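# Architecture at a glance
The chain contents come next:
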Amino acid sequence: MNTEAVPSPRARVVSGMRPTGALHLGHYHGALKNWLRLQATHDCFFFVADWHALTTHYEQREDLEKNVYDMVVDWLAAGIDPERVTLFIQSRMPEHAELFALLAMSTPTSWLERIPSYKDQIDKNRELATYGFLGYPLLQAADILIYKAAQVPVGEDQAAHVEVTREVARRFNRVYERPVFPEPQALLTETARLPGLDGHKMSKSAGNAVAMRDAPEVVEQKIRTMPTDPQRVRRVDAGDPARCPVWPLHRLYTDEATRAGLEQSCRSAGIGCLDCKQPLIEAIQREQAPWRERADDYLANPKQVHWILELGTERARAVARKTLREVRAAIGLNY
Ligand code: SF4
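As the structure is a prediction and not an experimental result, all values here were calculated from the model.

### What to know about the site of the ligand
Residues in close proximity to the ligand total 13 residues, the closest being G239, C244, C266, C273 and C276. The dominant element in the shell around the ligand, judged by the number of residues it contributes, is helix α13 (residues 273-300), at three residues. Taken together, the residues of the shell around the ligand sort by class into eight nonpolar, two polar and three charged.

Below, the structure is given as structure tokens:
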């Protein structure tokens, strides 16, 4: 793998993911699938946002390293290609922290305090009233600007964060009278929100997730025991897919013709719920098979994963250092 930062004609995107450990199907359909699309069209810098995890969970040291590597294995298992994408770990890049500190000098605190999620979160949890949590959108700005990203893939709810990054870039360029930073565009991405086994948002902590690398028999057991339409108590009762937590999964995994048949059979009590779940179980197992195969290779050779991150970190560092030289020169710190 080449560690040189080769100029790329493709637009650069930067995106990070907090290290939550092994990923589930919600992560895959909500974020990773989009990364897979982007790696074919953009110059992608994808990183493990472990400092960001500390902004909200600064006391949870245990499992941090394991969570980082479990997550990266899942990225690679899903098909993220380290030959095409720069993969790295945020905390291995002190350059981000330096830019964060330098940007902090000229960023009004009011810009950070007014971010909607900030107020909501500290109202709910006073433990979050820390300097790190207030500064996290600025750290995110540093993560993006240090690579002069043209675009940042975000869901609609995060568009405000990219706006702050744009403001920070504008202000820096104006204060120091040099166009160091381009203003990145939000690349609004449509992502599927996958419900969990209980119909609520899929999350590991809620215990309602199907992991990307769950064994086939585990997937089968999890889906077979999923609750269905609460009004369909007996096999002979007619059901309504609109009331059934299984149905949103069918929407994602089952083709339209099969779904139409299942819907009709549900409404007429023509099939039982286990019959209805079977094609879903098989579709999920089919999707997972190549992931498990690729993950097995990486798990058998953990050094390879470390090496991939090592090379990606060096590649990222070359770009970050170049930007920092420009930043220091603009501020007058190049002595
Ligand atoms: S038949 Fe399918 S859609 Fe209808 S209640 Fe059972 S699992 Fe849900």
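Additional details are given in the paragraphs that follow.
### What about helix α8 (residues 136-145)?
Of all ten residues making up α8, ten are buried, and the element is well covered by its neighbours. Of all the positions in α8, only Y136, P137, L138, L139, Q140, A141, A142, D143, I144 and L145 are classed as buried.

### Observations concerning the confidence of the model for the protein chain
The predicted model of the protein chain averages 91 in pLDDT, with 97% of residues at 70 or higher. Contacts of residues 1-5 to residues separated by more than four positions or lying in other chains number ten contacts, the stretch itself having pLDDT below 50.

### A short note on the environment of L87
Locating L87 in the fold gives a position in strand β3 (residues 86-89). With 224 residues separating them along the chain, L87 and L311 place their C-alpha atoms 8.2 Å apart. In contact with L87, other than residues within four places in its own chain, are F46, P82, I308, L309 and G312.

### Section: the environment of R213
With respect to the element layout, R213 can be found in the loop between β5 (185-188) and α10 (216-224). Along the backbone, R213 and L102 are 111 residues apart, and their C-alpha atoms lie at a distance of 41 Å. Here R213 is in contact with A22, D74, A77, W291, R292 and A295, once residues within four sequence places are set aside.

### So, the pairing of β3
Regular strands place side chains that alternate from one sheet face to the opposite one. Residues T86 and F88 point to one face of β3 and L87 and I89 to the other, with burial holding for every one of them. In this sheet, β3 lies alongside strand β2 (residues 43-48) in parallel orientation, the contact comprising four bridges. The residue of β3 that forms the bridge with F47 is F88.

### Brief notes about the domain arrangement of the protein chain
One can read the domain layout of the protein chain as domain 1 (12-194 + 301-331) and domain 2 (216-292). Inter-centroid distance (C-alpha atoms) of domain 1 to domain 2 is 37 Å.

### Thoughts on the pairing of β2
Within β2, six of the six residues are buried, which leaves the element mostly enclosed by the surrounding structure. The side-chain alternation of β2 yields two buried faces, one formed by D43, F45 and F47 and the other by C44, F46 and V48. In this sheet, β2 lies alongside strand β1 (residues 12-17) in parallel orientation, the contact comprising six bridges. By the bridge assignment, S15 is partnered in β2 with F46. Running through helix α1 (residues 25-41), the crossover from β1 to the neighbouring parallel element β2 is right-handed.

### With respect to the packing of helix α4 (residues 94-106) against helix α14 (residues 302-331)
Interaxial distance between α4 and α14 falls to 10 Å at its minimum, and their mutual angle equals 25 degrees. Considering their axes alone, α4 and α14 lie roughly parallel with respect to each other. Considering the relative orientation of α4 and α14, their crossing is left-handed. Counted together, E95, E98, L99 and L102 of α4 and R317, A320, R321, L324, V327 and I331 of α14 form the full contact between these two elements.

Reading guide: rules and limits
- Residues numbered from 1 in each chain as written.
- Predicted model: local features only at pLDDT ≥ 70, side-chain atom pairs only at ≥ 80, totals over all residues.
- Near = placed C-beta within 6 Å.
- Helix = DSSP H or I, 4+ residues; strand = E, 2+ residues; numbered from the N terminus.
- Nonpolar A, V, L, I, M, F, W, Y, C, P; charged D, E, K, R; others polar.
- Buried ≥ 20, exposed ≤ 12 C-beta atoms within 10 Å, placed from the backbone.
- pLDDT = per-residue confidence, 0-100.
- Contact = placed C-beta atoms within 7 Å.
- Pairing = 2+ DSSP bridges.
- Domains from an automatic or database assignment.
- Right-handed = clockwise from strand over helix to strand, strands pointing away.
- Axes fitted to C-alpha atoms, helices over the stretch in contact; angles between N-to-C directions.
- Parallel < 35°, antiparallel > 145°, perpendicular 65-115°, else oblique.
- Left-handed = near helix turned anticlockwise from the far one by under 90°.

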